[in-house]
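# Per-entry structural report
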Amino acid sequence: MYQGNASGMSGYEKLRSLHDNVALKSSRKVDIIQDPKLVSVHENGKSISIPNGQDEFGNYFQNRVTFSDNSITQIGQWCGMGTRYPKFIMGNEASPLLADNFNYWFQNKKTSPRMFRLYKPDAETGVMGKLRSFNSDLFRRLDDEILCRVIEPLMDKYPDLEIASANVNEDFFNVKFLFPEMEGEIQEGDTVRAGFRLKNSEIGKSFLRIDFLIMRLVCSNGMVASSVEHAIKRRHGGYRQPIGVQPKFLEGEWHNQPEWEWVHSFEAEVKKMVTHCTSPGRWQNYLEKMRESTGGQPIKSLSPISERNPSIASVELLTKTFGLSADEKRRINFAFLRSGDYTKWGFVNAITRAANDSTNYDSATNLEELGGKVLSFNNRQWLPFAEAEYKEAA
């Protein structure tokens, strides 16, 4: 399991690092809901001014910040430009053209106010502020501080709970826990351990999710099982918020603010999910599902598609179905053929092996989720992959 930016730390150090990362991000957050007609991109196309309030003479206080890649993508989609064209403009140093496009649509598109999620400038380092995301005024802020608030009592209740990996970056929050006492054998010498995974994206790239997690001890491969009972998925859709700077979570009388009412029910859901994960009966049921995957119909065709494309047909079909990269395809194919286990269980473990070998935490997590998805396939869903041949998959 890829360790992320908490690699090499003890459990306490990982938790402390997680909190420090989240607290640093929180200290720089500013969320503003504003009419896009009052927003302008500067002529160089590299920064944007978002007004926040007015002085006694009616002049707006301006927050001038740079763009993140994500915010450019989101504004481009909102303008109807798609995602590739804005990136093409920036990649070809034609950012003034981006300013013309964005400013035209800010002024002319009929729309409700938008939420601008940004980092304010860092006075100590001189780092300029950054626009993190561009969202609807209905966007519900599911912030990482909430997950940290949930984690603390869990660590107290389950002192043996192990933080397997943790990572916080601009796009995602991920932390993966394991219960050392929750182990079982799938086949002789192949032991797995149970846990759960918390995932979030403050800027809307993912739902807030809490899922069942499996780690295969023989190779430390991780697998996310999001289809199990009591898995939690929270969307970013919420209530329309007023124009202006939005209050922060844990700031002032936050518990009396309607926007944060959902936090209390979410905390109760998490407790229920963790109780589910630690239930011996449910754990045995899930072990049986994994054991069943070691039988059934194995992969039929193990021949490479061609000299130029050495993938087998089943991996090629997986790649096309789930939009994998060429490198991910190559690693899955290599891991599967090297393992010598051509069952569904072997196929799943080839996917999670590729995740373990990844140098990018978010990519590794996506593959761990894919492994869990393939494991949950019923016979009808599995059959096309088991019987895939070149003419079907290429």
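Before going into details, it helps to say that this report is about the structure given with it. Everything quoted here is computed from the prediction, not taken from an experiment.

### Some words on the pairing of strand 10 (residues 208-216)
- The element strand 10 is largely enclosed, with a buried count of nine among its nine residues.
- Alignment of strand 9 (residues 190-200) against strand 10, held across eight bridges, turns out to be antiparallel. Within the sheet, the bridge partner assigned to arginine 197 lies in strand 10 and is aspartate 211.
- Sheet topology note: the strand 10/strand 11 (residues 221-225) ladder contains five bridges and is antiparallel. Residue pairing for strand 11: isoleucine 214 is matched across the bridge by methionine 223.

### Describing the state of the cysteines
- Under the counting rule described, the total for this entry stands at zero disulfides.
- In this model cysteine 277 remains outside any disulfide bridge; the closest cysteine sulfur is found in cysteine 148, 19 Å from its own.
- A relative accessible area of 1% places cysteine 277 in the buried class.

### Topic: the packing of helix 5 (residues 144-157) against helix 6 (residues 262-277)
- One can describe the packing of helix 5 onto helix 6 by two numbers: an axis separation of 11 Å at closest approach and a directional angle of 45 degrees. Comparing the axis directions of helix 5 and helix 6 gives the class oblique. Crossing of helix 5 over helix 6 shows right-handed handedness. Of the residues in helix 6, those in contact with Ile146, Leu147, Arg149, Val150 and Leu154 of helix 5 are Trp262, Val263, Phe266, Glu267, Val270 and Val274.
- Of the residues assigned to the contact of helix 5 with helix 6, the class counts are nine nonpolar, no polar and two charged.

Conventions adopted
- Residues numbered from 1 in each chain as written.
- Predicted model: local features only at pLDDT ≥ 70, side-chain atom pairs only at ≥ 80, totals over all residues.
- Heavy atoms only, no water.
- Buried < 20%, exposed > 50% of the residue type's maximum accessible area, 1.4 Å probe, protein only.
- Helix = DSSP H or I, 4+ residues; strand = E, 2+ residues; numbered from the N terminus.
- Pairing = 2+ DSSP bridges.
- Disulfide = S-S within 2.5 Å.
- Axes fitted to C-alpha atoms, helices over the stretch in contact; angles between N-to-C directions.
- Parallel < 35°, antiparallel > 145°, perpendicular 65-115°, else oblique.
- Left-handed = near helix turned anticlockwise from the far one by under 90°.
- Contact = heavy atoms within 4.5 Å.
- Nonpolar A, V, L, I, M, F, W, Y, C, P; charged D, E, K, R; others polar.

Functional significance is not addressed by these values, which are geometric in nature.
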